Amino acid sequence: MKKYLTVLLAVFFLAPVYAGTVSAAEEDTQLLQQIDRNMNPESYESYRKLINIEPDGRKKEFILYTVKKDADKVASLFLEPASEKGRSTLRLGDNMWLYIPNVGKPVRITSLQSVVGGVFNNADIMQLDYAAEYTVEKKEEQGGEVLLHLKARTRTVSYDRVRLRADTKTLLPTKIECLTEGLMLIKTLYFKEVKDFGGGIVRPSVIETDSPLYKGYKSVMIMAKIKQREFKDEVFTMTFMPNIDSLREAAK
Amino acid sequence: MKDRHCFWWLCALFLLFAPAPAWSAEDYSFDLSETEKQPFYLGGYTEFSPEISSADKGAALYRLKHYNHDEAVLADAYAFKLQLEGSYEKGMARLFTRINVNGGYAFDEWSDEANVYEGYLSLKPSSSLVLEAGKKTLRWGKGYAWNPVAFLDRPKNPDDPELSLEGIVVASADYTRSFSGPLQTLSFTPVLIPVYDSFNDDFGRADHLNVAGKVYLLFYDTDIDFIVLSGASKTSRYGADFSRNITPSFEVHGEVARIDDYQKKAIDSLGQISVTEYDAFSYLLGLRYLTENDVTTIVEYYHDDTGYEAKEMAGYFSFIDHAYNTYLSTGNEMLLAKATVASESGVGRMNPMRDYLYARISQKEPFDLLYFTPAITCIMNLQDSSFSLSPEVIYTGITNMEVRLKANIIQGEDASEYGEKPNDYLVELRVRYFF
């Protein structure tokens, strides 16, 4: 009898604590989802310029057209330079493919590779929602910023740990550190120049990145023409990869 | 002659090592006009590749190719290439063409040829349906170096598998559906292949319309294709392939192909031609592994059931030697011409035997050297242990330019596949400029 009573008392006192924990975890997840939505609509199209900058100041630039749908479908098409034109990448959850027009068929690639060289890897270029890939382990508030400690949901995610800093008022990221499981820094992303893209999309337009693994090198991503747009699921298939350019609207 | 060699090599080396302009860091800008889509597109690349090779004058294939030339052991050759691509898009329709122009200078002779590699009309009534008609490559199969299921493509060069290929004239459709659940994508690709005097006359027997089809599934995160070719131009062929990432950095792939009633033509040491008919079952198994420091390893094993046994190849090489000796003693080229015809019927193809191993190791940007990719590739004939070994380095640091320096070391005993190739080694510099 005494034993049952102890259990009942324990449940009575611990249940609210547990419920509070669940509720805090849900809140943190909702916060991360909100940060994702502030960065992009769930389905959208955009143009990006990637610039790889070498220590001596030399630059190599790429222009990409990107489409995204739901939490796990992203496809990109290279528009510039001429050596990369027509290449396309597709990400469906953990599956990634690269299509090279000369080769004529998509081949599987991995998130850790980089189709552009430089500091950005394929996962950075075909970024899914953070909430789709990470759970929030801990939340801290520091001087007008919220710091989320994120942990990869599965081992297939390219960074085991992520530290995401966001402005508490705008809930837009200011800095993201990508780390290994042993908390070794792989790269840092800096979010700059908040811009109104129209359609209610206000977000940083420049993302800079550097990495202790590439000392002196820097890569920059400039966003343009981010627009909410719906696509059919069939756009995000291997068969459609040679035809991504047909989604772009012709100049008027 | 020597001065000319020096000039071309100096030009090429200048392009390779010339200091690139040092751009100054500036504010980042993104001119939106760069994103505007134009209905017309014209692009492509030009390529210049000087090459030095060391002849193996005792090799059967050297004697067959150069029996009437008196060449130096060290020979140089220069190749020029222009690949031109153009398209015009209006609404759901798109016209595309890829033209390949090759020129070259080797053994004191100039050569040139131009081919339409692809030229087709594409209609996209919806994102689920694409209709295409014209000359195009289909590139079926998951293998990197070989594709036994590529029933509709010309064979690719395993030494340079990413080169563009000349297509065939087809009418095809791609119908795709996406689903949620273990089956994420299902595509069906029916293809019609007309073989007439003016269409695909090198595909097979003329005056027939052939049918092929491919069903593609993305099922449990695995790419799977089922392929069939049927018609009177060639005997029926069936195939399947798959590709899957076991882990994010470890991919496995494979192909199986069956050719009904395959006819293999062989030539023996006396020049007697025999034909054997059987059902050929070929297969390929491969993997691609990426390490944390960006080293990519590709390994493939290929069993080509349409290939020749070692004794059949030895008979062919022996016949070439006999034909060459006859030519030397009598001046009669007839037997060499017969050997050349036999080569074209199969025994002279890129990898004519049955069991091969392909291994390629490349490292992207080692020692923080951005845009440098060194690699080494080995193709080994497992029947006679002959092989080719190709170290190379690729540099892509200059916008729209790709520079590759590649050597090819060819080793093998007498009467082995690589032992009887025309060269012992060659070194090639390839400078490609995209526009």
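Note: the structure precedes this text.
Here the structure is a predicted model, which means the values were calculated and not measured.

Notes on unusual backbone geometry
And then number 1: A cis amide bond, omega -5°, links A:Glu80 with the succeeding residue A:Pro81.
And then number 2: Checked against the element boundaries, A:Pro81 lands in the loop between strand S3 (73-80) and strand S4 (88-92).
And then number 3: The residue B:Arg139 is not glycine, and still its phi comes out positive at about 55°.
And then number 4: Positive phi outside glycine occurs at B:Glu365, with the angle close to 50°.
And then number 5: Here B:Glu365 is to be found in the loop between strand S14 (355-363) and strand S15 (372-381).
And then number 6: By relative accessible area, which is 9% here, B:Glu365 ends up buried.

Thoughts on the interface of chain B and chain A
And then number 1: Taken residue by residue, the interface counts 68 residues in chain B and 65 residues in chain A.
And then number 2: Contact with chain A buries area across many residues of chain B, yet B:Tyr28, B:Phe30 and B:Lys37 alone supply 15% of it, more than any other trio.
And then number 3: Linking chain B with chain A are three salt bridges, by the criterion used here.
And then number 4: Put simply, A:Glu234 and B:Arg177 hold a salt bridge, and the shortest N to O gap is 3.8 Å.
And then number 5: In this structure, the connection of chain B to chain A is made through 23 residue pairs in polar contact (both at pLDDT 80 or more).
And then number 6: Here the side of chain B that touches chain A gets four residues from one element, more than from any other, and that element is strand S6 (residues 168-178) of chain B.
And then number 7: Residue classes in the side of chain B that touches chain A are distributed as 20 nonpolar, 24 polar and 24 charged.

Quick word on the nonpolar core
Across soluble globular proteins, you tend to see nonpolar side chains buried next to one another.
And then number 1: Membership of the largest hydrophobic core comes to 47 residues, with the highest contact counts inside it found for A:Leu148, A:Leu150 and A:Leu164.
And then number 2: Those residues within four positions of A:Leu148 in sequence are excluded, and the remaining contacts are A:Leu31, A:Leu32, A:Ile35, A:Val136, A:Lys138, A:Lys139, A:Val162, A:Arg163 and A:Leu164.

Topic: the pattern of salt bridges
And then number 1: Under the definition given, this model contains 50 salt bridges over all chains.
And then number 2: Between A:Glu208 and A:Lys192 there is a salt bridge whose closest N-O contact spans 2.9 Å. Of this pair, A:Glu208 sits in strand S12 (residues 201-211) while A:Lys192 sits in strand S11 (residues 185-198), and the two are 16 residues apart along the sequence.
And then number 3: Taking the shortest distance from any N to any O, the salt bridge between B:Asp260 and B:Arg258 comes out at 2.8 Å.
And then number 4: Each of B:Asp160, B:Glu402, B:Arg404, B:Glu428 and B:Arg430 takes part in one network of salt bridges that share partners.

Conventions used here
- Residue positions within a chain follow its written sequence, with the count starting from 1.
- Whichever chain is written first is A, and whichever ligand is written first is 1; the rest continue in order.
- Per-residue local features of the predicted model are confined to residues with pLDDT of at least 70, and side-chain atom pairs are confined, for both listing and counting, to 80 or more; whole-chain, interface and lining totals are unaffected and use all residues.
- No hydrogens and no water enter the side-chain calculation; it runs on all heavy atoms of the structure.
- We count a stretch as a helix when DSSP gives it H or I for four or more residues in a row; a strand needs E for two or more, and each element gets its number in order from the N terminus.
- Relative accessibility thresholds used throughout: buried, under 20% of the residue-type maximum; exposed, over 50%; partly exposed, between the two (1.4 Å probe, protein chains only).
- Note on definitions: a residue-residue contact is assigned when non-hydrogen atoms from the two residues lie within 4.5 Å.
- Take the accessible area each of two parts loses on contact, using a 1.4 Å probe, and add the two losses: that sum is the buried area.
- Any carboxyl oxygen of Asp or Glu within 4 Å of a side-chain nitrogen of Lys or Arg constitutes a salt bridge here.
- Under the rule applied, a polar contact is a pair of N or O atoms within 3.5 Å (in protein, one hydrogen donor and one hydrogen acceptor; residues adjacent in sequence only if both atoms are side-chain atoms).
- Put simply, Ala, Val, Leu, Ile, Met, Phe, Trp, Tyr, Cys and Pro go in the nonpolar bin, Asp, Glu, Lys and Arg in the charged bin, and everything else, Gly too, in the polar bin.
- Joining through side-chain atoms within 4.5 Å is the link that ties buried Ala, Val, Leu, Ile, Met, Phe, Trp, Tyr and Cys residues into a set, and such a set is a nonpolar core.

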